Structures are given as structure tokens and as C-alpha cells.
Amino acid sequence: MLELSISEPGKLSKVTHALSSRDRLGILSLLNKENMNIHQLAASLKIPISTAASHIRVLEDANLILTELRPANRGAMKVCTRNFDDVHILLNSQENQPTTDLKTYELEMPIGQFVDFLVAPTCGMANREKFLIPEDSPVYFYNPERIQAQIMWTRKGFLEYKFPIAINSDSVIKEIQFSLELCSEAPNYDPNWPSDITVWVNDVEIGTWTSPGDFGDRPGKLNPDYWKNTTSTQYGKLKTWKITNENTMIDDFRLSDITLADLKVLDKDYITFRIGIKEDALHKGGINIFGKEFGDYAQDIKLKAFFDHDNL
């Protein structure tokens, strides 16, 4: 699902503009059935190839389709793939955003600093210089070199982290956020490889997000040269889970009815964060997690807690 919000007018306007053309809607309809190149799309819609190419650029810029150059009899051809099944547009602004007079506690956790795990092939990890462990060997996730990891992947299981939370027990927490860059885990990569990725906080399941795929059509902006030349996963999506006194959101979209009261955050001096694939998940498409030196976003797993300082 493509999630849009009125709070991101630039992204929203690109998508609405892309959907405002009958020909572009025709292209999306054709791509519902199969992947097609520009010549096939032009022929099906009875429009010039140059016009089809222009429409493709608009749809690609709006992230509604993905394109890939593949070998052809004469050079290369651009093959188009629909990127989403649904578009969800949130038109109302959020009422439970933290206000500017709240204090903030922030901490970034390196992705290799997990305290518990369950992984299965395909699995592995790498940093900016090399692969850190033998690929598809789960036992090596115990290797101390895991602390250096900048990308990790597994087809099933979970990774668990503990975040120390240095907030006075008399504080009133208004919102907690966890954010990280992630995507599915397919052989090599596959943009159409859904994966149901679930998050638990303090052993409470707060909700599941379906990653649309595993992205490798271009190099990640932060990736080292040795990785850019592989046919592996290159980048993910930056997602933010937000737990408030009303509900749990992912980015600006309601995910579940779990609230801060359910998590009992200040009962301990740490918060447990687990992310993984449930055994009964509909889409068991694995997970890739990116550190601050891989992918598109220069961050590790980030915790933010917004709290009222009046009671300190």
C-alpha cells in the first residue's frame, strides 16, 4: 500500500498528478496483469512511444511504478512494474503529534547490537568493508563482529533490542517512536515480494506492516562501492512506529489500538524492541534492516520519547 498524507504535500501532489491522466491510468491497468516494456504499453494504448515514455517518467517519479533496464535484441529495453496495489490518502492532520513544549529523549541503537535473535537462511550481515559472517549460517549471528553490521537480513525469525530509557519515573510520557530503514528479503532482490513485518514493544505486539518488496533496482545512496556492484538488496523504506495514549500509528496511519498504557514503559529502566516475521504471517517475505552507513537514510534504529517535564 502506498501511504500518503496531506502533511506531505509534495509527495501527495506528485501522485495525484500522475493519476490525473487517462493514459497513465491505462498504463497502471495494463501493469495489473503483467510487466510490460514501453513499446508494448504504447502499442496497447495506441499512443506514440515518446508519449508512453513521458507518462512512464511521471509514474516513476510518483513511485507508482518501478522500471528496470533489461537486455534486448537491440541494446536494452525498459521494463515497467506496478509498485503498489492500493493508495491510502490521509486528508486530516494528526491531533496527537507531540507539542513543542515537551522534552525529548533520543537514542540510536546500532543494528548489530541485538540482545536476542532467531534467524534462518537466507541470512547474513555486512559492513562497509566486507561480509561479516558466512552467508546463510545462523550460528554466526553470535559472532562479536555483528556489532559492526550495517545491513542484516533473514528470511524469518526476529531481532530484539533493549533501549535504556533515562527518564525520571515521575515523568508523563506522551509518545514513543521507533524508526528504521527496512524492506523484505528476496533472493537477490524483488520489488514485488511482500513481507508482513511485525513489531513488539515490551513483549506487546503493536502491529504489522506489509513491506511491498526488496529493493535493488538502484544503488542505495550510502552504500559502499563493493556493494553497489552486487545484485543484492540496496535500500529500504524509512518507517516510524508511534505509540501514544490513543493508539499506535505507522508514519501517519493508524496501525492498532495499542496505547502507552499497554506497554508500561516506566516499569523498567529499558524498553524492549523486537522486529520480525510471525510464524503465521500471510506473507513470509523476510526482512532487511539497514544501519546508518547503508541504504538511503543515515540512521540506525532510533528511539524517541516525548514526555512532560512539568513533573520532573
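Residues numbered from 1 in each chain as written. Predicted model: local features only at pLDDT ≥ 70, side-chain atom pairs only at ≥ 80, totals over all residues. Heavy atoms only, no water.

## Concerning the pattern of salt bridges
Oppositely charged side chains can pair when the atoms bearing their charge come close.
Turning to step 1, where the next piece is worked out: With the rule as written, the count across this model stands at 7 salt bridges.
Turning to step 2, where the next piece is worked out: The residue Lys-130 makes a salt bridge to Glu-145 at a minimum N-O spacing of 3.6 Å. Residue Lys-130 is located in the loop between β8 (124–126) and β9 (151–154), and its partner Glu-145 is located in the loop between β8 and β9; the two are separated by 15 residues in the primary sequence.
Turning to step 3, where the next piece is worked out: For Lys-130, a relative accessible area of 40% gives the class partly exposed.
Turning to step 4, where the next piece is worked out: Residue class for Glu-145 comes out partly exposed when judged on its relative accessible area of 26%.
Turning to step 5, where the next piece is worked out: Lys-278 is paired through a salt bridge with Glu-205; the nearest N and O atoms lie 3.2 Å apart. Placement of Lys-278 in the loop between β17 (270–277) and β18 (287–290) and of Glu-205 in strand β13 (residues 204–211) is noted, with a sequence separation of 73 residues between them.
Turning to step 6, where the next piece is worked out: Taking relative accessible area as the criterion, Glu-205 reaches 34% and is therefore assigned partly exposed. (Salt bridge = Lys/Arg side-chain N within 4 Å of Asp/Glu carboxyl O. Helix = DSSP H or I, 4+ residues; strand = E, 2+ residues; numbered from the N terminus. Buried < 20%, exposed > 50% of the residue type's maximum accessible area, 1.4 Å probe, protein only.)

## Observations concerning the environment of Lys-174
Turning to step 1, where the next piece is worked out: Within the element layout of this structure, Lys-174 appears in strand β11 (residues 172–183).
Turning to step 2, where the next piece is worked out: Each C-alpha atom of the pair Lys-174 and Leu-4 lies 24 Å from the other, and the pair is 170 residues apart in sequence.
Turning to step 3, where the next piece is worked out: If we ignore the near neighbours within four places in the chain, the residues touching Lys-174 are Leu-102, Ile-243, Thr-244, Asn-245, Leu-260, Phe-306, Phe-307 and Asp-308. (Contact = heavy atoms within 4.5 Å.)

## A closer look at the pairing of β17
Turning to step 1, where the next piece is worked out: Most of β17 is tucked away, with 6 of its 8 residues classed as buried.
Turning to step 2, where the next piece is worked out: Across 8 bridges, the pairing between strand β10 (residues 157–164) and β17 is antiparallel. By the bridge assignment for β17, Pro-164 is matched with Tyr-270.
Turning to step 3, where the next piece is worked out: One ladder, built from 4 bridges, connects strand β12 (residues 195–201) with β17; its direction is antiparallel. Directly across from Trp-200, in β17, lies its bridge partner Arg-274. (Pairing = 2+ DSSP bridges.)

## Here we look at the confidence of the model for the protein
Turning to step 1, where the next piece is worked out: In this model, the protein carries a mean pLDDT of 90, and residues with pLDDT of at least 70 account for 94%.
Turning to step 2, where the next piece is worked out: Scored below 50 in pLDDT, residues 95–99 shows 9 contacts in the model against residues more than four places distant or in partner chains. (pLDDT = per-residue confidence, 0-100.)

## Considerations on the sheet that holds β17
Turning to step 1, where the next piece is worked out: On the basis of which strands lie adjacent, the open sheet formed by 5 strands has the order β7-β10-β17-β12-β13 and antiparallel pairing. Strands at the two margins of the open sheet, each flanked by one partner only, are β7 (116–119) and β13. For this sheet, the mean inter-axis angle between neighbouring strands, taken without regard to orientation, is 20°.
Turning to step 2, where the next piece is worked out: Direction of pairing for β7 relative to β10: antiparallel, over a ladder of 4 bridges. Residue pairing for β10: Asp-116 is matched across the bridge by Glu-160. (Axes fitted to C-alpha atoms, helices over the stretch in contact; angles between N-to-C directions.)

## Details of the pairing of strand β4 (residues 76–82)
Turning to step 1, where the next piece is worked out: For strand β2 (residues 36–37) and β4, the ladder comprises 2 bridges, and the chain directions are antiparallel. Along β4, the bridge assignment pairs Met-36 with Cys-80.
Turning to step 2, where the next piece is worked out: By the bridge criterion, 7 bridges tie strand β3 (residues 65–71) to β4 in an arrangement that is antiparallel. The residue of β4 that forms the bridge with Arg-70 is Met-77.

## Examining the nonpolar core
Turning to step 1, where the next piece is worked out: Phe-141, Tyr-161, Ile-176, Phe-273 and Ile-275 are the most contacted members of the largest nonpolar core, which totals 46 residues.
Turning to step 2, where the next piece is worked out: The element that contributes the greatest number of residues to this core is β11, accounting for 5 residues.
Turning to step 3, where the next piece is worked out: In contact with Tyr-161, not counting residues within four places along its chain, are Met-109, Pro-110, Ile-111, Gln-113, Phe-114, Val-115, Met-152, Ile-271, Thr-272, Phe-273 and Ile-301.
Turning to step 4, where the next piece is worked out: One finds Leu-28, Met-36, Ala-53 and Leu-64 within the second-largest nonpolar core, a separate group that totals 23 residues. (Core = buried A, V, L, I, M, F, W, Y, C linked by side-chain atoms within 4.5 Å.)

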